[in-house]
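A look at the structure
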Amino acid sequence: AFDYTLMGTPEGHYKAKELCQQAIALDSNYLKPYINLVHIWSEEARWGFSESPEKALQSAHDIAQAAINLDNTSSAAYTAMGRALYNMKEHDKAIAALEKAVALNPDNTFAYFFLGWTLCYVGRAPEAIPAFEKMRRSNPLNPQWALLGLGGAHLFAGNYEEAIPYYQKMIAGGSKFYRVYLDVAACQVSLGLKEEAQVNCKKVLQFNPKFKMQKHITRLPAKSPEAIKLYMQALQKLDLPQ
């Protein structure tokens, strides 16, 4: 089911959620579908796939707690909780949960991923780069999400030239996740590459036709506007529906 979420589309998320709920109905003690549901609900809230993001975030938190209750030695369960907490802007608690996930399993790829993003959203983007590098080393055969994190960490830090190659590698790999095209466009427009940015803005709308800039910014799990000041400034230069 989680493979569907990697499509980065509403249809993929809906299908994944359906499969996870079927799995829980068949065996309520099976941990994996609980964990997958946390990620699905979180992404629905974040990327505008849900009509009620607040309810989606609460569902993610509740299901993460259910996963920990099933197995409090599961690194994946604490990773899910960390993600749920950072989406709810409980950043300190998120970092604690994700650090516990890494302690339980130092090769937990997604724990590093969400730890890195939490650091980005509290205004500590340069510190996120080592976390994303650890993620990349822990899963060298599937580098796509580490590339997204590395691009994001450099973008949030204002290192636009350094960020672009990571996004370009994702695009070359066939990514259909609209955030990839949005963020590379933000880098390009910040460097004065307006034509290149416009091409990628069209891709944003191709992969997410309902995209609205204000909705995207509102749903970012940032500690404060100041923490992601450079990112917001870059986004606001793009020619996209407001």
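Our structure is the block above this text.
What comes next concerns the included structure. (Residues numbered from 1 in each chain as written. Predicted model: local features only at pLDDT ≥ 70, side-chain atom pairs only at ≥ 80, totals over all residues. Heavy atoms only, no water.)

**Details of the overall build of the chain**
What counts, and what does not: By definition, any uninterrupted DSSP run of H or I lasting at least four residues is a helix, any uninterrupted run of E lasting at least two residues is a strand, and each is numbered from the N terminus. Put simply, the radius of gyration uses C-alpha atoms, and a globule should come to 2.2 Å times the residue count raised to 0.38.
Helices and strands together make up the secondary structure of the chain, namely 14 helices and zero strands. Of the regular secondary structure in the chain, the N- to C-terminal order runs α-α-α-α-α-α-α-α-α-α-α-α-α-α. By the compact-globule yardstick of 18 Å for 242 residues, the chain fits well, its C-alpha radius of gyration being 17 Å. Taking the principal axes of its C-alpha atoms as reference, the chain extends roughly 55 × 35 × 35 Å.

**Concerning the environment of Q144**
This is how the line gets drawn: Residues count as neighbours in contact if any of their non-hydrogen atoms are within 4.5 Å of one another.
Here Q144 lies in helix α9 (residues 144-156). On a C-alpha basis, the gap between Q144 and G116 in space is 15 Å, while along the polypeptide they are 28 residues apart. When near neighbours in sequence (up to four residues on either side) are disregarded, Q144 contacts K169, M170, G173 and S175.

**Digging into the environment of P143**
Going by this rule: Note on exposure labels: buried denotes an accessible area under 20% of the residue type's maximum, exposed denotes more than 50%, and partly exposed covers the range between, all computed with a 1.4 Å probe on protein chains only.
Within the secondary structure, P143 is located in the loop between α8 (125-138) and α9. Classification of P143 as partly exposed rests on a relative accessible area of 26%.

**As for the pattern of salt bridges**
This is how the line gets drawn: Throughout this description, the term salt bridge denotes a Lys or Arg side-chain nitrogen within 4 Å of a carboxyl oxygen of Asp or Glu.
Summed over the entire model, instances satisfying the criterion amount to two salt bridges. The salt bridge involving E127 is made with R124; its shortest N-O contact spans 2.9 Å. The partly exposed category is assigned to R124, whose relative accessible area is 35%. R179 is paired through a salt bridge with D183; the nearest N and O atoms lie 2.7 Å apart. Placement of the pair is R179 and D183 together in helix α11 (residues 178-190), with a separation of four residues, close to one helical turn.

**With respect to the packing of aromatic side chains**
What counts here: Ring geometry is summarised as follows: Phe, Tyr and Trp rings, the Trp one being its six-membered ring, pair when their centres sit within 6.5 Å, and such pairs are stacked at plane angles under 30 degrees, edge-to-face over 60 and tilted between the two.
Inspection of every chain in the model, using the stated rule, returns 17 aromatic pairs. Judged by centre distance (4.6 Å) and plane angle (20°), the ring pair of F156 and Y231 falls under stacked. A residue pair is termed long-range when its members are at least 10 positions apart, and F156 in helix α9 and Y231 in helix α14 (residues 229-235) qualify at 75 residues. For the ring pair F177 and Y178, a centre distance of 5.9 Å and an interplane angle of 70° mean the geometry is edge-to-face. The pair formed by F177 and Y178 is uniform in burial state, with each residue classed as buried.

Function cannot be read off these values alone, since they describe shape.
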